[in-house]
Amino acid sequence: MNNVFVYCEVTEERLIADVSLELVSKGRKLADELGVKLEAIVCGDGIKDIEAILYPYGVDIINYAKDSRLFPYQTLPHFSIVTKLFQEKKPEIALFGATSVGRDLAPRIASYLRTGLTADCTTLEIGNHTENKTGKEYKNLLYQIRPAFGGNIIATIINPDCRPQMATVREGVMKKEILSGNHKGILNFLKVEDYTKNDDFCLKIIERHIEEQKINIKGAQIIVCGGYGMGSKENFKLVHELADVIQGEVGGTRAASDAGMTEHERQIGQTGVTVRPKLYIACGVSGAVQHRVGMQDSSKIISINTDPNAPINKIADYTIIGDVLEVLPKMIKYYKSNTK
Amino acid sequence: MSFKIIVLAKQVPDTRNIGKDAMKEDGTVNRAALPAIFNPEDLNALEMALHIKDNIKDATITIITMGPSRAAEIVRESMYRGADNGVVVSDRKVAGSDTLATSYTIAQAVKKLGKFDLVIAGRQAIDGDTAQVGPQTAEKLECPQITYAEEVVMVNENKIQIKRRLENGVEVVESKYPCLITVHGSAKECRSRNAKFLMKFKKAKSNSELQELGQDYSALWNEKPYLKIDEWSAADIMAEDSRLGLTGSPTKVKKIENVVLTQKESKVLTPKDEDINDLMKELISSHILG
């Protein structure tokens, strides 16, 4: 069986992006289960300590296309390099971050290689499969598991016949885990001229403004999350007020951000950010599965909801059955008058 | 030479109103059970196309939609807002397509339309949220792609500059034609229907729609050809059957599980002062807060 590959994104600071390190950690486990090697692909230039960063996560081979024209990211040159490498090495599995880069690149590669790609997976596992009609057996497939369309449904997607088995995963879904400080691999430089054509550089980047992430809910220890049940943008201010007072961050559900109550950057769930805070206060959040997969590992969950049957209540440690507009001010008031 | 813009639009089940029978046993979506709407980001794409049409003389907009015959509604709705014409790609063979098979079908339809300057689509559809069909279609058309477009910075007959919305910022890129653009929901909202176009295209229909209504349009179509919404089958777009629908889809749904939540040991509280105060007190004393 062939190797597991992870496409590693490069940040503005010329480091390997967190989402890629998370995927490399997951990729190591998948590779171990399959008894194969883990390879990383990096396209860029001036990346600091590339070996020192990647080897401890268990990377066996770094395929490094080093060229100043490869940063910032552009679709076509990265596409050409990765597809050519995949044609040579025929990976069993290829993982990409579900970011603006990964979601731009992976589909184009899957299309060229005529293979399957599953977006926004929340779990990746190795498993077997028997085809119902033919009785054909498949060993060690990648189960690409994601909440699917509609209510409380989790779908397991497989790609039995085409390779690589490709998937994208959002940042924060997998855990970053160092394998060993002593793990060593090899660095394989790719000759960029051999992997790209001149036409690949046809797009001109006129200007870029990339800012430090202003909203950082991923690392927050306390999160107050507002759902559609907050009712309005005006009411949503209460979520901010409580978060400010207890020094937490504000999160939102997809319904709340789609309704314009809060920024999309604050969205928690399958198509947003995955969080694991010490305390999660869900205000007017019903708790669809797409939301729960992004917060169910929080240490303590408090749900405030008028509906006693809201799904979120089932995973909450405390459920306050009541109106957020009544409860939140009381929490704010108590905290203000009982702490320094 | 006119400037040719193709807009890819999809009629989607309104995922905000999902019932219990939303999924079929084979794990695909039961579209019949759901209200159908114009995919929101495809409306942003249509607006971007209309904006470009406003700025380039002799530009035309053709809508391509894939789906059941009722998807002709999408073409008509686009015409009311300023699109020139449109086609519905409809065939039982395309049912159950994953994104790879979908992009193949759409690319075949685009190729049938001949030379184009721009293909513009919404970034993603709300029934799948994959954002894969745009880039996959671009690959099949062998043209550059600009994803996450938010605004047209500059456009003329030779090139276009697009502002892209990324996670932590923006980027302006320039491309020549042909090129495929996918449009982000933060782009300008689509203009509303125009009374003049509404009058002009009110009677636009596809063949299947006419059959259902028991009407014959042949005379009318002769006189006003713009009232015909074309319908193309897999054969019309020269598609290979092995690349369509479930057969042409490498990804398979292995299983669908309903998530059963096991009730945690949850304390149920009332909104009364005592309950809230006790809870806050406990959180503070256990150092979760403060």
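Residues numbered from 1 in each chain as written. Chains lettered and ligands numbered in written order. Predicted model: local features only at pLDDT ≥ 70, side-chain atom pairs only at ≥ 80, totals over all residues.

Engineer: How do you make sense of the nonpolar core when you look at a structure like this?
Structural biologist: With 129 residues, the main nonpolar core has Val42(A), Leu54(A), Ile5(B), Val7(B), Ala49(B) and Ile120(B) as its most contacted residues. The residues touching Val7(B), leaving out its near neighbours within four places in the chain, are Ala45(B), Leu46(B), Ala49(B), Ile61(B), Ile63(B), Ser78(B), Ala83(B) and Ile120(B). Counting 46 residues, the second largest nonpolar core, distinct from the first, contains Cys283(A), Met295(A), Ile320(A) and Val324(A). (Core = buried A, V, L, I, M, F, W, Y, C linked by C-beta atoms within 7 Å. Buried ≥ 20, exposed ≤ 12 C-beta atoms within 10 Å, placed from the backbone. Contact = placed C-beta atoms within 7 Å.)

Engineer: Would you explain the domain arrangement of chain A in this entry?
Structural biologist: Accessible area lost on assembly of the parts is the figure often given for the size of an interface. Residues and elements named next belong to chain A. Here chain A is partitioned into domain 1 (4–201) and domain 2 (222–338). Spacing between the C-alpha centres of domain 1 and domain 2 amounts to 33 Å. For the side of domain 1 that touches domain 2, the elements supplying multiple residues, two or more each, are β7 (137–147) and β8 (153–158). Looking at side-chain class alone, the side of domain 1 that touches domain 2 contains four nonpolar, four polar and three charged residues. (Domains from an automatic or database assignment. Helix = DSSP H or I, 4+ residues; strand = E, 2+ residues; numbered from the N terminus. Nonpolar A, V, L, I, M, F, W, Y, C, P; charged D, E, K, R; others polar.)

Engineer: Just checking my understanding: could you explain the sheet that holds strand β10 (residues 186–190) of chain A for this structure?
Structural biologist: Backbone hydrogen bonds are what pair the strands of a sheet, in a parallel or an antiparallel way. Residues and elements named next belong to chain A. Reading across the sheet, the seven strands line up as β5-β9-β4-β1-β2-β3-β10 and stay open at both edges, with parallel pairing between neighbours. Strands with a single pairing partner mark the edges of an open sheet, and in this sheet they are β5 (117–118) and β10. The sheet contact formed by strand β4 (residues 93–97) and strand β9 (residues 165–169) spans five bridges and is parallel. Bridge pairing links Phe96 to Thr168 in β9. Together, β1 (4–8), β4, β5 and β9 form the strand contacts of helix α4 (residues 102–113), whose direction differs from that of β9 by roughly 170°. (Pairing = 2+ DSSP bridges. Axes fitted to C-alpha atoms, helices over the stretch in contact; angles between N-to-C directions.)

Engineer: I tried to follow the pairing of strand β12 (residues 228–232) of chain B on my own but got confused; where do I start?
Structural biologist: Within a regular strand, side chains alternate between the sheet's two faces. Here strand β5 (residues 85–89) of chain B runs beside β12(B); their pairing, made up of three bridges, is parallel. Within the sheet, the bridge partner assigned to Val89(B) lies in β12(B) and is Trp232(B).

Engineer: Help me understand the interface of chain A and chain B in this model?
Structural biologist: Facing the 72 residues of chain A at the interface are 65 residues of chain B. Put simply, the parts of the chain that give the side of chain A that touches chain B at least two residues each are α3 (75–89), α4, β5, β8, β11 (204–210), α9 (311–314), β16 (318–321) and α10 (324–338) of chain A. For the side of chain A that touches chain B, the per-class residue count stands at 34 nonpolar, 21 polar and 17 charged. Of the strand pairs in this sheet, β16(A) and strand β14 (residues 267–269) of chain B are connected by three bridges, and their pairing is parallel. Bridging from a neighbouring strand, Ile320(A) pairs with Leu269(B) of β14(B).

Engineer: Mind showing me how you'd approach the sheet that holds strand β11 (residues 205–206) of chain B here?
Structural biologist: On the basis of which strands lie adjacent, the open sheet formed by eleven strands has the order β11(A)-β9(B)-β8(B)-β7(B)-β10(B)-β6(B)-β1(B)-β4(B)-β5(B)-β12(B)-β11(B) and mixed pairing. Each edge of the open sheet carries a strand with a single partner, namely β11 of chain A together with β11 of chain B. The pairing of β11(B) with β12(B) spans two bridges and is classified as parallel. For Ser206(B), the partnering residue across the bridge sits in β12(B) and is Ile229(B).

Engineer: Would you mind going over the packing of helix α6 (residues 233–245) of chain A against α10(A) with me for this structure?
Structural biologist: Describing two packed helices takes the angle between their axes plus the distance from one axis to the other. Residues and elements named next belong to chain A. Look at α6 against α10: their axes get within 10 Å of each other, and the N-to-C directions meet at 20°. As judged from the angle between their axes, α6 and α10 are roughly parallel. Here α6 runs over α10; the crossing is left-handed. The residues of α10 that touch α6, namely those facing Asn235, Leu238, Glu241, Leu242 and Val245, are Val324, Leu325, Leu328, Pro329, Met331, Ile332, Tyr335 and Lys336. (Parallel < 35°, antiparallel > 145°, perpendicular 65-115°, else oblique. Left-handed = near helix turned anticlockwise from the far one by under 90°.)

Engineer: What am I meant to see in the environment of Gly67(B) here?
Structural biologist: Residue and element names in this part refer to chain B. Among the secondary structure elements, Gly67 is positioned in the loop between β4 (59–66) and α2 (72–81). With 20 C-beta atoms counted inside 10 Å, the residue Gly67 sits in the buried group. In the structure, Gly67 is positioned 21 residues away from Leu46 in sequence and 18 Å away in space, judged by C-alpha atoms. The residues touching Gly67, leaving out its near neighbours within four places in the chain, are Lys10, Gln11 and Ser90.

Engineer: Got a minute to help me understand the packing of helix α3 (residues 99–112) of chain B against helix α4 (residues 133–141) of chain B in this structure?
Structural biologist: All names here are of chain B. At a minimum axis separation of 8 Å, α3 and α4 run at an interaxial angle of 50°. As far as their axial angle goes, α4 and α3 are oblique. The two elements α3 and α4 cross, and the hand of that crossing is right-handed. Residues Thr99, Leu100, Thr102, Ser103, Tyr104, Ile106, Ala107 and Val110 of α3 form the contact with α4, whose own contacting residues are Val133, Gln136, Thr137, Lys140 and Leu141. Among the residues making up the contact of α3 with α4, the classes are represented as seven nonpolar, five polar and one charged.

Engineer: Explain unusual backbone geometry here, please?
Structural biologist: A negative phi angle is the norm for most residues apart from glycine, just as the trans form is the norm for most peptide bonds. Pro72(A) follows Phe71(A) through a cis peptide bond whose omega is -5°. On the secondary structure map, Pro72(A) appears in the loop between β3 (61–66) and α3. In this model, Tyr177(B) is joined to Pro178(B) through a cis peptide bond whose omega is 0°. Of note, the phi angle at Glu142(B) is positive, near 55°, even though the residue is not glycine. Position of Glu142(B) among the secondary structure elements: in the loop between α4 and β7 (145–155). In this structure, Tyr148(B) takes a positive phi of about 60° despite not being glycine.

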